[in-house]
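# Examining the three-dimensional arrangement
Chain by chain, the residues:
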Amino acid sequence: MAGALDFQEWSREELAGLAGWTPYREARAIVESGGVSDLDWKFPVLQGSVRSAADVFHAQFEVRSRVFPVNRCDCPVGRRRQVCVHAIALCLAFQRGGERPAVVPVSSSEATDPEPSEPEATPLVQSLQVAAEGEAFAFRIILPPNLEAAAQRNAVIVKLEYETPTGALAPEKVGRQRRYALGPSEIQLLQALEGWCGGTPYSLLQLKTAQLLEVLESPAKVTLLKGGGGLIEEGERTAVLLPMVRGAAERLAEAAPRARSRPPSRPAESPQPRPAPLPVLPQNWMVVDGSTQYLAILLRDREHPQYRGCADWLRAEGFRKEPSNGKWWLRDAHKVLNFLALHRVRLERDYDVAYTENFKERTRSVTALPLVVEAEPVGDQYTLRVELKAAGLDLMEVRRALVTGRHYIAGPDRVYLLEQAAVERLRKVGQTLGPAGGMELTGKVEVRLKPAEWVHAEQVLDELEVEAELPADWKSRSAAIREVGKLAEPPVPEQMAARLRTYQLVGVAWLWHLYQNRLGGILADEMGLGKTIQAIALMGCWKRTGDTARSCLVVAPAGLLGNWQRELRTWAPELAVYLHHGPDRLQRFPEPFEADVCLTSYSTLRNDRALFESRSHDIIIADEAQHVKNRRSHASRSLRALSADAKFVLTGTPIENSVDDLRSLFDFCLPGYLRQQVSDLRGEERVAHERQQVSRAAPYILRRAKRMVAPELPEKIEQTIWCDLGALQRGLYQRVREQTERSLMQMAASGASENRMRFAMLTELLRLRQICADPGMLDEAIPLEESAKFLAFRELLEEALDGGHRVLVFSQFVRLLKRLQAWLEAEQIGTAYIDGSTRDRLKVCERFNSDKSQALCLISLKAGGTGLNLTGADTVIHFDPWWNPAVEDQATDRAHRIGQTRTVTSYKLVTEATVEEKVIQLQLKKSALLQDLLDESSLQSAKVDLLTLKALLSE
């Protein structure tokens, strides 16, 4: 019962100090709404259920210690062993309706015939209940060792205690339930103390010298902290203390008569030497004084624009303003050290703060616990340790402090602060470098890092401003990847090096550095900058060094194998090349494999997977690997199953739909480097995870834009032509759209699955896009002239031909291209044609570039979007927009690439107020997605999901 009685007497300030004023107010609201149930008190544990919003939490609050209570609540804050709003709610509910001392029952006669009682007198004091029959009570004043100097400064810090039968108590911890017997002089002193403190007196007081004199003239017991201290005898008080304090008060009164609070009661008995000049406080707006036991913050100017916000902040942190000196006080060692650990940086960053010499002297033993970084080699890897560490400090003490929410560790001769910034840095290191889902905060992060992860780890430490002295080989290997200017010159054959541009040599150096360190990467230069040539130069370096016991493997789309053969003959004739492709390839496969370079297609690799898995290569290059972005496809699995010292990807579009595309590419070139997304991540956590993966990927992606590395290229002009549907085309579009809406509503009402709904939406969306391009694709009886796009195309074509321009026309629909081809032949306009069925695309391209009688080339978007050089044209027309702008850009870059000497004009035909207009809006998001990747900034998924499809189909 005693424990319960003590607990009931906890003050509002003490409860708020455990969790903060905001949780205290929330807890009070929960109690007032009846949200606390099953309350049970068995010393020292108070437990119960607390309803907060829609959840019910069970809390167990152990209150054996007022300074360091232990909270066990199943809410997120409680799981970290910090005091939460639910624990405070238990305390408040118990104080309102918990156990009380038993009341002696009265008889019925006493109840019906009570004796008359005198009316209660108005309390003489506010902070105590005074009664003649109350418990014994006495004041004790503990004076500082520097009493004389402090009295001369008119600022004496004393400690106040109440002596009661239960022991010495701080004024803040004396409950209102007990009654005490005070004499008239003691009541007079308590009234004076309450007036100086604005209510309940504090255990630590800063008194003016005249106020101290009044205390010394009272019956309070006095102790002087000097040489062990002890109770001051009355003779010593009369002979020494009183004359010294009176003299100081008198001199202060003479120096500032208007500020004199109380004249000395009698003249000084002996002359005193004139005091030394008072120390001058710094002239900053905020002045911080105190020690490890208390803080006193002075805000000089109430009209200062920061005053209100700062005062509210200090009040929320448990500070109380003392009217007698205008300072904000925090009088609890635990709260003081926590405040310094959590908010010292904020004080110095946000406010014009100065620390007194007294504060600097008394906190000399307080220091921030530093983050220490150590890297230990383990084979070809490193073990990285980032730890809150100091000599002689056990890690378990740090862990215990973090778990209990205590932000300091008190040692025998030092106090270590767990500053919020350092703890947060350690947490982020664990989240970023640790396993997916993060690591438990224990004071130390220890991870094993493969060579591919060194760059990212160093980047994380730099971004978090964690000082680290990493090993020399770590720094040298990662520096060249982070800064291409530090790359060593690659051993490119002289004849080849003389023909390479500067940016291409840099690209070769980057590839060579990764190869030498048994790493991989993605060369993602814009189309037309020569990714194929840079890869061939890498193989030239490999051949020149003489370490060619094995071979190089190039995997590319079947339509680009001829291009690779031609480029290898042109740039590296010294390399023996073997083409593994065609129906008789298995009869021709060399045994043993003697060629320097083997060329094969993705489909052939898939069919001959077992054959290629049995061999290991020095270098594997996957060209246009976005074609295997689906990591579940057979081609993608076959590619990942290959073994090599270094694997590289060549692609201008590392992302087409979402970050999963990028992860699929890295599963090939750096297996395991990008982490799989934890399945239960949602919202901001998922975005943060994707952002981390992009940051990890960035050092291993080399991307250069034409405008930066090839300024000699002519300008590329892009223009959108908006087309208004005619009556027939508009009517057909509206009928199909309305029919689609009805069909989808019926499917949704019947409970169709999301996959079925998605397939149906894509099918109907395809029909709408076909109507926008050419309604004749749905009804061959409708002539081309009923297409608004065809009319715009015909005008553009006439203008281009009149101006001597040559044109590329891209469309996703082969049926449309066939209809255009028939019209062009009827008009006797020379035309080249490329789609997925075209066998020798390179031959078609070469003929188009050299034969100016072919004024136009019709190309299906996917068949002609990669690997083709069509610099003979300078005008590009996109008949229909595609989801991903990068695919369209690649198609345009068939003409706008190295070798082009004329300005390239790109036209995009879009129908107004249709699904195509919404596709353009989606393209803007896709463009931002790609830009985010290249700028190493935040990344959002842009995959065409069910909601996006619904939006596209809506009116």
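For the structure, check the block above.
Below is a short write-up of the structure. (Residues numbered from 1 in each chain as written. Predicted model: local features only at pLDDT ≥ 70, side-chain atom pairs only at ≥ 80, totals over all residues. Heavy atoms only, no water.)

### What about the packing of aromatic side chains?
Across all of its chains, the model carries 17 aromatic pairs by this definition. Aromatic pair Phe 137 and Phe 139: ring centres 5.1 Å apart, planes at 90 degrees, arrangement edge-to-face. Using a relative accessible area of 7% as the deciding quantity, one classes Phe 137 as buried. Taken together, the aromatic side chains of Trp 285, Trp 313, Phe 319, Phe 339 and Tyr 351 make up a single cluster linked through ring pairs. (Phe/Tyr/Trp six-rings, centres within 6.5 Å; stacked < 30°, edge-to-face > 60°. Buried < 20%, exposed > 50% of the residue type's maximum accessible area, 1.4 Å probe, protein only.)

### Regarding the packing of helix H31 (residues 788-802) against helix H32 (residues 814-826)
Running from amino to carboxyl end, H31 crosses H32 at an angle of 45 degrees, the nearest separation of the two axes being 13 Å. For the element pair H31 / H32, the angle class is oblique. Regarding H31 and H32, the two cross each other, and that crossing is right-handed. For the pair H31 and H32, the contacting residues are Phe 790, Phe 793, Arg 794 and Leu 797 in the first and Leu 820, Trp 823 and Leu 824 in the second. Each residue belonging to the contact of H31 with H32 can be placed in one class, and the counts come to 6 nonpolar, no polar and 1 charged. (Axes fitted to C-alpha atoms, helices over the stretch in contact; angles between N-to-C directions. Helix = DSSP H or I, 4+ residues; strand = E, 2+ residues; numbered from the N terminus. Parallel < 35°, antiparallel > 145°, perpendicular 65-115°, else oblique. Left-handed = near helix turned anticlockwise from the far one by under 90°. Contact = heavy atoms within 4.5 Å. Nonpolar A, V, L, I, M, F, W, Y, C, P; charged D, E, K, R; others polar.)

### Side note on the environment of Ile 721
Mapped onto the elements, Ile 721 comes out in strand E30 (residues 716-723). Sequence spacing of Ile 721 and Tyr 907 is 186 residues, and the spatial spacing of their C-alpha atoms is 6.7 Å. Setting aside residues up to four positions removed in sequence, Ile 721 forms contacts with Ala 792, Leu 796, Tyr 907, Lys 908, Leu 909 and Val 910.

### Notes on the state of the cysteines
All chains considered together, the criterion is met by 0 disulfides. Cys 84 carries a free sulfur, and the closest cysteine sulfur to it, the one in Cys 75, is 3.7 Å from it. (Disulfide = S-S within 2.5 Å.)

### Digging into the pairing of strand E32 (residues 831-834)
Bridge count between E32 and strand E33 (residues 856-860): 4 bridges; the pairing is parallel. Bridged to Ala 832 within E33 is Cys 857. In the classification by handedness, the crossover that spans E32, the intervening helix H33 (residues 841-850) and the parallel E33 is right-handed. (Pairing = 2+ DSSP bridges. Right-handed = clockwise from strand over helix to strand, strands pointing away.)

### Overview of helix H16 (residues 454-463)
Counting buried positions along H16 gives 8 out of 10 residues, so the element sits mostly inside the fold. Those residues of H16 that sit buried are Trp 454, Val 455, His 456, Ala 457, Glu 458, Gln 459, Val 460 and Leu 461. One or two steps after H16, the chain reaches Glu 465, where phi turns positive at roughly 60 degrees.

### Observations concerning unusual backbone geometry
Of note in this structure, Arg 518 is not a glycine but carries a positive phi near 55 degrees. A positive phi is found at Gln 828, a non-glycine position, where the angle reads about 60 degrees. With respect to the helices and strands, the residue Gln 828 is situated in the loop between H32 and E32. Residue class for Gln 828 comes out exposed when judged on its relative accessible area of 74%.

### A short note on a negative patch on the surface
Together, Glu 795, Glu 798, Glu 799, Asp 802 and Glu 827 make up a region of like negative charge exposed at the surface. For Glu 799, the position within the fold is in helix H31. (Patch = residues over 30% accessible without salt bridge, like charges linked within 9 Å, V, L, I, M, F, W, Y side chains within 5 Å. Areas by Shrake-Rupley, 256 points an atom, 1.4 Å probe, with all protein chains shown as cover. Salt bridge = Lys/Arg side-chain N within 4 Å of Asp/Glu carboxyl O. Lys, Arg positive; Asp, Glu negative; His and termini not counted. Charge placed at Lys NZ, Arg CZ, Asp CG, Glu CD.)

### Remarks on the pattern of salt bridges
Inspection of the entire model under this criterion finds 30 salt bridges. A salt bridge links Glu 374 to Arg 385, with the shortest nitrogen-to-oxygen separation between them at 3.5 Å. On the criterion of sequence distance, the pair formed by Glu 374 in strand E18 (residues 371-378) and Arg 385 in strand E19 (residues 381-388) is long-range, its members being 11 residues apart. By relative accessible area, which is 30% here, Glu 374 ends up partly exposed. Of the residues examined, Arg 385 reaches a relative accessible area of 17% and is grouped as buried. One salt bridge in this structure joins Arg 609 and Glu 613, with 2.4 Å as the shortest N-O distance. One end of the pair, Arg 609, and the other, Glu 613, are both in helix H24 (residues 609-613), 4 residues apart, so they sit about a helical turn from each other. Each of Glu 374, Arg 385, Lys 389 and Glu 446 takes part in salt bridges that share partners, so that together they form one network.

### Examining the sheet that holds E19
Pairing in this open sheet of 3 strands is antiparallel, and the strands run E18-E19-E22 from one edge to the other. With partners counted over all chains shown, the strands left at the sheet margins are E18 and strand E22 (444-449), one partner each. For this sheet, the mean inter-axis angle between neighbouring strands, taken without regard to orientation, is 15 degrees. With 6 bridges connecting them, E19 and E22 associate as antiparallel partners. What sits directly across from Leu 384, in E22, is Val 447.

### Some thoughts on the sheet that holds strand E13 (residues 295-299)
Strand pairing in a sheet takes place through backbone hydrogen bonds and is either antiparallel or parallel in direction. Within the open sheet, the 5 strands sit side by side as E14-E15-E13-E12-E16. Their pairing is mixed. The open sheet has two free edges, formed respectively by strand E14 (320-322) and strand E16 (353-355), since each of these has just one partner strand. With direction set aside, neighbouring strand axes in the sheet form an average angle of 30 degrees.

### Focus on the environment of Glu 458
Relative to the helices and strands, Glu 458 resides in helix H16. Residues Glu 458 and Trp 474 lie 16 residues apart in sequence; the distance between their C-alpha atoms is 9.1 Å.

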